[in-house]
Amino acid sequence: MFEPVLTRGIDRDLTRIENYVAQGGFTALTKAVRELTPQQVVEEVTRSNLRGRGGAGFPAGRKWGFLPQDGRPRYLACNADEGEPGTFKDHLLIDRNPFLLLEGIAIACYAIGAHHAFIYIRGEFLTGARILEASIAAARSRGYLGERILGGDFSLEVTVHRGAGSYECGEETALLESLEGKRGNPRLKPPFPAVAGAYGMPTVINNVETLCCVPSIVERGAAWFAGIGPAGSPGPKLFAVSGLVRRPGNYELPMGTTLRELIFQHAGGLREGRRFKAVLPGGSSSPALVEEHLDTPLDFDSVARAGSMFGSGAVMVLDDSVCMVRAAWRLAEFYRDESCGKCTPCREGTYWITAVLERLEAGGGREEDPALLEHLAGQIGTRTFCPLGDAAIGFLLSSLKYFPEEYAAHLRGETCRREVAS
Ligand SMILES: Cc1cc2nc3c(=O)[nH]c(=O)nc-3n(C[C@H](O)[C@H](O)[C@H](O)COP(=O)(O)O)c2cc1C
Ligand code: SF4
């Protein structure tokens, strides 16, 4: 029987530090700084096989192990930008379980030898930023942050930095640029942030949910964590389910839960009289999957094998009332607007894809438009400076692959079901 880890006790107002401590909060930090060496913490997290929850699924322990041991200051940047359409899990953790995040940050900093952490939070999350500021002050006053944590040698300052609402600033190197006060364009890699990150210093960037997994690994051990869900990507996962289901929301379940179980059992299935059409398993950047994929386990490897991307685990469900051309157009608009403009294939390609989809949707499409869309997408995929380019074409290509008849219908002037889907 799976017990929640990330959302445990979340209905008991965990923004009050006494409630968090009463349910065992900060036990893991105490154990880490009093009983374990930083290297032992890195090893434990590596053995747990915790994979980053921000989208790419990179093993957290390995990332921590990359930092050069050269005596320079090092930093942790917690990625709380959460700008991907469909993703709203970090938001919940920040607002309702902020001390879990701070405990994870403190343990991660102890492990990598950082004395300053930044939480880069999406500009729109004003309430979350305020909650974090208040939580940092409360944790400091009890000796869990600040100078000589829990009376030992380890000290840590945490700074909350609000972004300005740019999706691209969630990309880790654009985030660093923005943190340093510059325009949020991504950086050329190498050098990787582990070598030259914030202010040119070695930096680890981790997602909110990744860091929230850390206290339980330290407390209950790597083997326990690795035993939850599939061996290749284990652990608890907060799935943000949105779209046309009866009960959209966040569901904490083991990695490897199938799409079918998540959608039809936990999220209550579809609305009365509707049929399942497609699902984006990893937020707006992921190619759609269809009915034949409903038994796919939700983990990094299985979703990739099915032809999509696990991403941040944001599951967007579409029923038969949705027009795929319109959905593709709406998403294309998002990527066109959020392209930072640094590289030509993305800047120009997202513009032209949006323009072609718009004319198709408006009933002025040309016979060659589906092929033109594939061609334009081909000019973007794997040719851009950062992964936003690939993100911009995933859903489009899957809609052309699985629903060509809807494009054909638009060419015949049947702008399908528009009023229902808007
Ligand atoms: C356009 C774009 C937006 C991204 N937005 C986020 C985000 O909001 N939050 C996040 O954690 N990772 C985001 N990422 C992924 C980060 O670049 C990075 O992989 C992640 O923060 C690393 O943390 P993790 O290893 O703990 O997953 C984004 C990537 C791209 C390309
Ligand atoms: S792919 Fe898009 S967002 Fe990324 S650098 Fe190029 S223009 Fe900017």
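Cut-offs and rules
The numbers attached to residues start from 1 for each chain and follow its sequence in the written order. Each chain gets a letter, beginning with A, and each ligand a number, beginning with 1, in the order they are written. In view of the model being predicted, local features appear only for residues whose pLDDT reaches at least 70, and side-chain atom pairs are presented and counted only at 80 or more, with totals across whole chains, interfaces and linings using the full set of residues. Calculation of side-chain values draws on the structure's entire complement of heavy atoms; hydrogens and water are dropped beforehand. As used throughout, domain bounds are those supplied by an automatic or database domain assignment. Any two residues whose heavy atoms approach within 4.5 Å are treated as being in contact. Simply put, the buried area is the total loss of 1.4 Å probe accessible area from both parts when two parts are fitted together. Only one rule defines a salt bridge in this text: a Lys or Arg side-chain nitrogen within 4 Å of an Asp or Glu carboxyl oxygen. Identification of polar contacts relies on pairs of N or O atoms within 3.5 Å, with a donor-acceptor requirement for protein atoms, meaning one able to donate a hydrogen and the other able to accept it, and with residues adjacent in sequence counted only if both atoms are side-chain atoms. Working definition: residue near molecule or strand if any one of its non-hydrogen atoms lies within 4 Å of it. Polar here means any residue other than Ala, Val, Leu, Ile, Met, Phe, Trp, Tyr, Cys and Pro, which are nonpolar, and Asp, Glu, Lys and Arg, which are charged; Gly is therefore polar. Surface accessibility in these figures is a Shrake-Rupley result with a 1.4 Å probe; residues are shielded only by whichever protein chains are displayed. By the criteria applied, helices consist of DSSP H or I runs no shorter than four residues and strands consist of E runs no shorter than two, each listed in order from the N terminus. One requirement defines pairing of two strands: DSSP has to find at least two bridges between them. Axis lines are fitted to C-alpha atoms, over the contacting stretch for helices. Their N-to-C directions set the angle, which ranges from 0 to 180 degrees. Here the term buried applies to any residue with accessible area under 20% of the maximum for its type, exposed to any over 50%, and partly exposed to those in between, with areas from a 1.4 Å probe on protein chains only. With the strands pointing away from the viewer, any crossover whose connection runs clockwise from the first strand over the helix to the second is right-handed.

## As for the domain arrangement of the protein chain
- Domain annotation of the protein chain identifies domain 1 (10-226), domain 2 (237-319) and domain 3 (324-421).
- At the junction of the two partners, domain 1 supplies 14 residues and domain 3 supplies 10 residues.
- Interface area for domain 1 against domain 3, summed over the two sides, is near 880 Å², with a carbon-plus-sulfur share of 66%.
- The largest contributions to the domain 1 side of the interface with domain 3 come from Y167, E168 and P186, which together make up 52% of the buried area.
- At the boundary of domain 1 with domain 3, the tally comes to 0 salt bridges.
- Taken together, domain 1 and domain 3 are joined by 3 residue pairs in polar contact (both at pLDDT 80 or more).

## Re the site of ligand 2
- Around ligand 2 sit 13 residues in total, of which C340, K342, C343, C346 and C386 are the nearest.
- Along the lines of polarity and charge, the residues of the shell around ligand 2 split into 7 nonpolar, 4 polar and 2 charged.

## Brief notes about the site of ligand 1
- Taken together, 19 residues lie around ligand 1, and G54, K63, E82, N207 and T210 are the ones closest in.
- One of the backbone nitrogen or oxygen atoms of R53 is found 3.4 Å away from an oxygen atom of ligand 1.
- N206 is positioned such that a nitrogen or oxygen atom in its side chain is 2.9 Å from an oxygen atom of ligand 1.
- In isolation ligand 1 offers 610 Å² of accessible surface; the protein chains occlude 90% of this area.
- Considering each element in turn, the shell around ligand 1 owes the most residues, 3 residues, to strand β4 (residues 203-207).
- Each residue belonging to the shell around ligand 1 can be placed in one class, and the counts come to 4 nonpolar, 8 polar and 7 charged.

## Some words on the sheet that holds strand β5 (residues 236-243)
- Within the open sheet, the 4 strands sit side by side as β6-β5-β8-β7. Their pairing is mixed. Of all the strands in the sheet, the pair left with one neighbour each is β6 (249-254) and β7 (276-280). The mean angle between the axes of side-by-side strands here comes to 30°, regardless of whether they run parallel or antiparallel.
- Pairing between β7 and strand β8 (residues 314-319): 4 bridges, direction antiparallel. Its bridge partner lying in β8, V279 is registered against V317.

## Topic: the environment of C386
- Within the secondary structure, C386 sits in the loop between α15 (369-380) and α16 (388-402).
- Taking relative accessible area as the criterion, C386 reaches 11% and is therefore assigned buried.
- As a C-alpha pair, C386 and R187 span 199 residues in sequence and 8.7 Å in three-dimensional space.
- If we ignore the near neighbours within four places in the chain, the residues touching C386 are E168, E171 and P186.

## Some points on the pattern of salt bridges
- Taken as a whole and judged by the stated rule, the model has 27 salt bridges.
- For R96, the salt bridge is made with D11, and the minimal N-O distance between the two is 3.2 Å. Of the two residues, R96 sits in helix α5 (residues 89-96) while D11 sits in the segment before α1 (17-22), which places them 85 residues apart along the sequence.
- When salt bridges with common partners are traced through the structure, they connect K89, D90, E209 and K237 into a single cluster.

## What to know about the pairing of strand β2 (residues 116-121)
- Taken across its 6 residues, β2 has 5 buried, putting it largely inside the fold.
- Sheet analysis places strand β1 (residues 75-80) next to β2, joined by 6 bridges and oriented parallel. Paired with N79 across the bridge in β2 is Y120.
- Across 6 bridges, β2 lies against strand β3 (residues 157-162) in parallel orientation. Following the sheet pairing, F118 is matched in β3 by T159.
- Taken together, β2, helix α7 (residues 126-141) and β3 form a β-α-β motif whose crossover is right-handed.

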